[in-house]
Each structure stands twice: as C-alpha cells, then as structure tokens.
Amino acid sequence: QAAAGGGKAALRACGVHNVCRLLSRRAHGFYARDAGVAHRKNLGLLRRIMCQESTKFKNVWTTHSASPIAYERGRIYMDNYQCCITSIAQQPRLIYQKSKCAKSEKIEDALLLECPLGEMLPSPSDYKASLIVLTVQNWLLRLSADSGEVLEKVYLAGSCCKFFRYLSWDTPQEVMIVKSAQNKLPAAARQAGIQQTVLFYLAVFQVLPLSFIGMLEINKKIFGNSVTDVAVSNGILIVMYSMGLVRLYNFKAILEQFMEQPFDLGQEFNWNGQVGVVGKYPFGLPCNIKITDTPPLLFEASSLENAFQIGGYPWHYIITPNKKKHKGVFHICSLKDNTLAKNGIQDMKCCSLEPDWIYFHPDMSGRIIHVGPNLIKVLKLKEVKNHADQMEIAEDFTIVANRENCVNNNVTVTASGRVVKKRFTLLDDDPEQETFKIVDYEDELDLLSTVAVTQIGADGRAHLDFHCNEHGILLKSIPLKESWDVTYSHEVYFDKDLVLHIEQKPNRRFSCYVYQMVCDTARDDD
C-alpha cells in the first residue's frame, strides 16, 4: 500500500496520469531518487572517462599456469578453481587458496550464481555470490565465491548415469541444466550386439534456493537414431542430428506432461525398487521424467553443422544451407513462415583459413553482427516499404580493419625492369594484414569491443578497440603489450574499467594479462 501510495504521489507530482508514461519517464531517469538513475549516471561518467584521450590502460599483473585459467565477474580462477584472485582491486590479490584436490575431485564445469533482486531467501549465504561446480565424480557443489567453502552438495548419479559433465542455464540465474556426456557402450558390448538406447541424461534444478525439478533421458526410441547432441535454452529443448537437422520442443511442456512423481532434495524415496535419499550418496537423483511418446514439434530446420540461431524482432532465425559448398553463406528467415527476408542472404565471399561468423546482437536490439577477417557489419531488420508483412535486412553500420599500408600487387617490376607475376594472392586473414579476431559487447557501458591482430614477422601485435554501440564510431583504442600468436587460443574480457587477456599455448601452458584503467598519466607514461 505504501508503494502504491508513493507511485500515486509521483504521478501527481509530475503531472503524469498514465502508468506507461510514468514507467517510460522512470527508465529515462526523470526521478533522481531512483537508485537505478544514480547507477546509470555513474556508468555514463565511467564511459566518458574511459574514452578520454588521456585515459590509458596499464598492464598491472601477469601470471602463468599449467592449468586452465577462468574469469567470472571480477574473479580469476586458477588451479581447477582451487585458487581465486580478485581483479577488482588496484592490483589483483588473492581471495582464497585451497589445498590441491585429488583427481577424483577435479571440477569439470562451473557457473557463477548471483543473488536475485527483491526475493526472500532461506539462508544468509544465499544473498552472496556463489559458484556452482560439477566434479568428475558427479557431485554438484555450491561454493562461496568469497571463501571457496562448500555451502551445499548434491550427488547426481544414481544407477542411471555415471558421467555428468556440463552445466548450462535454461533461464539465466533461475533454472540450471546438468547434462551428461553421451552414453557409449564399450566395444565388447557393441560386438556382442547389445543396444544402447539412452544417449543423454538431463538433470534440471531451480537455483536459490537450490531445488531439484527432475531428471529425464534422451532416448533413441523417442527422438531417433541419429541424435548427436542436445541443449536446453529459454524453455526450448534443442535436439541436433548428424545430417544437420535441428528440432525444437517445448521443454516446460515436456516436464509437465511426462513427470511421473516430483521429488525434493533430502527426501527419502522408494523408486523402482530403490530406497534412498534424493541427492545423497550413493542413490543420487531419480529419473522421474519418462518421455513415452514423441513430444509435439515446435520447429525444425536443416543447417550445415547444426548452426542455428533465433533472435530479432519480429522473430527470425539464421542458418547455413546444409551443403559444404555453402559454408560462409547465411540465410536469415522469418520464424513465422520460413520466408527468406529481403537481402536475407549474407555472404562476405571471404577467402580465408578461418570462416566468418554471424550472430544476433546480445544488446537485445534485434540487430545482427556479421564478422569477417577485415569487416564487421551490424545489420538490422526493418519493414519493406509498402509491405508491412515483409522484412528486409539493412546495413546499420560497418567497422573496417585498418589495411591502409597493405599492398597486395599480383604484378611487380624488378629494378632491372623484369615483370614478375605472383602465382597466388594473399588470404583475407593473412597474418600480415590486420584481422578481426574477437568481437564482444559490454552491456553496462553500451560499448562494442573488437580485437584486431597484425603479425609482424614472428611477433604479433593486437589492439582492443571500443566502438559506440549505436553508430559504430571508434571511441578508444588500447594496444596490448604482450605478443599475440594467431596460432594460440585467446580470450579477451572487457569488464568496465578492466581488460583481461587469457592465452592458451601448446602443451597446456596458460597466461593471464590484466589491464587496469589509469587516468593520471602525468607521472606514468605506461
């Protein structure tokens, strides 16, 4: 009632008598007492400071490791998540260091879990960030992000499955999926004629508080013999097949229709002759969702290498025609009736070792980002003039690699006047030419970031550029100090005033380079 009274008072104070207008004005920051307004102003100030010419990014910390390095929201994880370092401080510092774990406790996958806003939670520890990890022995653990302490533990694998390996979000920070590795019979069993019908197991959890929804199997008898992989995203079960076919099913409807009996974690159960406690060793979780018939099909498409994406407004999807000769050609079609959008065939005609890639912009604008070796296109969907029911793909803006000094003449003349013709031309992603390697989006600052690399002899040089997300204008360029080898695997994270570069070299050697924003350059030229 107090909230309602305050809302009415705000309406009267500003002379607004329409709830939609009030919400719109609030989103644009008309009410200074709103905490979101202050946050948006602070981020706007940070963006302006960051893009000033005098602002530099300094390499403040470098480390090397024999095990993978991961980054999550200001925390650097090393030694299989046994070591946690904060990158938020002026110089990274240790948060916690746990003793080395046995191989049987090795962590296979991890997700960062953050407290939802405006909800009452059962435990004080639920209000702080935590890490959900999956171990090689099928334990699901919730660890404190500040100390590494085990807050909750669930044993997953009962008699049904022994190899859970992957964590993912169905609904981010709300519903989590734990997926098994693909079940494969030993060679001796296959030679004996034993058939394996269950391909994958999926365990579904609600998070904060952590609760078990159910476990189901993906069976050949229901979904077909050629299933190669499955995934769950935004309430959709995605099933992929060896011939490039992708099928979509309503995951929520499957849970409701085929749930045999609900179970809670810690509940004693008697299930198919087994007696135990849900989530406790050695029983694990019951497979309480049995799909007995093929669920209603929502949508299907055939695409090369099962590449399939949905996005835009109105809904569209992106596929590559299912033939190898079409690799690098993308079709953008309406989800409603499968019609190809006008100008919906996107082909950069790249001649390169690494293919170009395309995806829906993560800023939820409905735009599309198409990245080639030397060109980034940001595309938008818009109505065809005089045809409101038809959409076309139009160019919003482009970002072009700096290749001004690149000369690629097929014919050269020597000092003696002899004409020499080259038998080959340079590839579009030739290391000696500036080439885009990474494109990302920083949502809090609304900046599009790109990493471009040029190989000069044995030494590769990279720079991280910030572009205006609305118009593509270059706002800032940051040279990375370390050499960049294009044959190595690289990840670059841009998180507000932090830039972090993780590099994987041969023989499982990993390096991490941390850059922090520095505004006072009078005394430090680095």
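Just so you know, these numbers come straight off a predicted model, no measurement behind them.

1. Focus: the overall build of the protein
Consideration 1: When you go through the protein residue by residue, the secondary structure sums to six helices and 36 strands.
Consideration 2: Taken across its 526 residues, the protein has 44% of its residues classed as buried.
Consideration 3: In the protein, once contacts between residues fewer than 6 apart in sequence are set aside, the share between residues at least 24 apart is 47%.
Consideration 4: Entry remark: accessible area of the protein is about 28800 Å², with carbon and sulfur atoms responsible for 51%.

2. Description of the pairing of strand E5 (residues 93-97)
Consideration 1: Where strand E4 (residues 83-86) meets E5, four bridges bridge the pair, whose relative direction is antiparallel. Residue pairing for E5: Thr-86 is matched across the bridge by Arg-93.
Consideration 2: Counting the residues between successive antiparallel strands, the hairpin from E4 to E5 contains six residues.

3. Here's the deal with the side chain of Thr-454
Consideration 1: Tracing the backbone through its elements, the reader meets Thr-454 in strand E31 (residues 447-456).
Consideration 2: Residues within four places of Thr-454 in sequence aside, it is in contact with Pro-431, Glu-432, Gln-433, Glu-434, Asp-459, Gly-460 and Arg-461.

4. Examining the UniProt feature "transmembrane region" (unreviewed entry) in the protein
Consideration 1: Using the residue numbers shown here, the UniProt feature "transmembrane region" (unreviewed entry) corresponds to residues 198-218 and 230-249.
Consideration 2: The distance separating the terminal C-alpha atoms of residues 198-218 is 6 Å; by composition the span is 0% helix and 81% strand.
Consideration 3: End-to-end, the C-alpha atoms of residues 230-249 are 11 Å apart, and along that stretch the chain is 0% helix and 75% strand.

5. Digging into the sheet that holds strand E15 (residues 236-241)
Consideration 1: If you trace the four strands from one edge of the open sheet to the other, you get E14-E15-E16-E19, paired in antiparallel fashion. Either end of the sheet is taken by a strand with one partner, and the two such strands are strand E14 (227-233) and strand E19 (297-302). Within the sheet, the average angular offset between the axes of one strand and its neighbour, ignoring direction, is 20 degrees.
Consideration 2: As defined by bridge partners, E15 adjoins strand E16 (residues 245-250) across five bridges and the pair is classed as antiparallel. Looking at E16, one finds that Leu-237 is bridged to Tyr-249.
Consideration 3: The strands that helix H6 (residues 251-258) touches are E14, E15 and E16; relative to E16, the one it contacts most, it runs at about 55 degrees.

6. Overview of the sheet that holds strand E30 (residues 435-442)
Consideration 1: Reading across the sheet, the four strands line up as E30-E31-E32-E33 and stay open at both edges, with antiparallel pairing between neighbours. Strands with a single pairing partner mark the edges of an open sheet, and in this sheet they are E30 and strand E33 (474-479). The sheet shows a mean angle of 20 degrees between the axes of neighbouring strands, taken without regard to direction.
Consideration 2: Pairing analysis gives five bridges linking strand E32 (residues 459-468) to E33, with the strands arranged antiparallel. Paired with His-467 across the two strands is Leu-474, which belongs to E33.

7. Description of H6
Each turn of an α-helix holds 3.6 residues, which means side chains three or four residues apart point in the same direction.
Consideration 1: Among all positions of H6, only Phe-251, Ile-254, Leu-255 and Phe-258 are buried. Buried positions in H6, seen along its axis, are confined to an arc of 100 degrees and lie on one side of it. Exposed residues pointing more than 90 degrees away from the buried face of H6 are listed as Lys-252, Glu-256 and Gln-257.
Consideration 2: Near the N-terminus of H6, the side chain that reaches the backbone nitrogen of Lys-252, with its oxygen 3.1 Å away, is that of Asn-250.

8. Section: the nonpolar core
Consideration 1: Leu-140, Leu-156, Phe-164, Met-176, Val-178, Phe-205 and Leu-285 are the most contacted members of the largest nonpolar core, which has 30 residues in total.
Consideration 2: The element contributing the most residues to this core is strand E12 (residues 198-206), with four residues.
Consideration 3: Once you skip the residues sitting within four places of it in the chain, Leu-156 turns out to touch Leu-134, Asn-138, Leu-140, Phe-164, Val-178, Phe-205, Met-215, Gly-284 and Leu-285.
Consideration 4: Among the nonpolar cores identified, the runner-up in size contains 24 residues, and Leu-199, Ile-218, Phe-223 and Val-227 belong to it.

9. A short note on the pattern of salt bridges
Consideration 1: If you walk through the whole model with that rule in mind, you get 16 salt bridges.
Consideration 2: The partner of Lys-349 in a salt bridge is Asp-347, with the nearest N and O atoms 3.4 Å apart.
Consideration 3: For Asp-347, a relative accessible area of 32% gives the class partly exposed.
Consideration 4: The salt bridge involving Asp-363 is made with Arg-367; its shortest N-O contact spans 2.9 Å. Considered together, Asp-363 and Arg-367 belong to a single accessibility category, that of buried residues.
Consideration 5: Salt bridges sharing common partners tie together Asp-363, Arg-367, Lys-380 and Asp-396.

10. Looking at the state of the cysteines
Consideration 1: Counted by the stated rule, this structure contains zero disulfides.
Consideration 2: No disulfide involves Cys-83; its nearest neighbouring cysteine sulfur is the one of Cys-84, lying 7.3 Å away.
Consideration 3: Looking at Cys-83, the relative accessible area reads 6%, which means it is buried.

11. What about the packing of aromatic side chains?
Consideration 1: Within the structure shown, the criterion is met by 14 aromatic pairs.
Consideration 2: Geometrically, the ring pair formed by Phe-57 and Phe-466 is edge-to-face, given 6.2 Å between the ring centres and 80 degrees between the ring planes. Of this pair, Phe-57 sits in strand E1 (residues 56-65) while Phe-466 sits in strand E32, and the two are 409 residues apart along the sequence. Comparing Phe-57 with Phe-466 shows no difference in burial state: the two are buried.
Consideration 3: Between Tyr-77 and Tyr-81, the aromatic rings sit 5.2 Å apart at their centres with planes inclined by 40 degrees, giving tilted as the arrangement.
Consideration 4: Taking the relative accessible area as the measure of exposure, Tyr-77 reaches 1% and is therefore buried.
Consideration 5: Among the aromatic residues, those joined into a cluster by ring pairs are Phe-57, Phe-466 and Phe-494.
Consideration 6: Between Arg-247 and the ring centre of Tyr-241, over which it is positioned, the NZ or CZ distance is 5.1 Å.

Procedures and definitions
Residues numbered from 1 in each chain as written. Predicted model: local features only at pLDDT ≥ 70, side-chain atom pairs only at ≥ 80, totals over all residues. Heavy atoms only, no water. Helix = DSSP H or I, 4+ residues; strand = E, 2+ residues; numbered from the N terminus. Buried < 20%, exposed > 50% of the residue type's maximum accessible area, 1.4 Å probe, protein only. Contact = heavy atoms within 4.5 Å. Areas by Shrake-Rupley, 256 points an atom, 1.4 Å probe, with all protein chains shown as cover. Pairing = 2+ DSSP bridges. UniProt positions renumbered as here; feature names shortened; annotations may be inferred. Axes fitted to C-alpha atoms, helices over the stretch in contact; angles between N-to-C directions. Arc of directions from axis to C-beta. Polar contact = N/O pair within 3.5 Å; in protein donor to acceptor, adjacent residues only side chain to side chain. Core = buried A, V, L, I, M, F, W, Y, C linked by side-chain atoms within 4.5 Å. Salt bridge = Lys/Arg side-chain N within 4 Å of Asp/Glu carboxyl O. Disulfide = S-S within 2.5 Å. Phe/Tyr/Trp six-rings, centres within 6.5 Å; stacked < 30°, edge-to-face > 60°. Lys NZ or Arg CZ within 6 Å of the ring centre and 35° of its normal.

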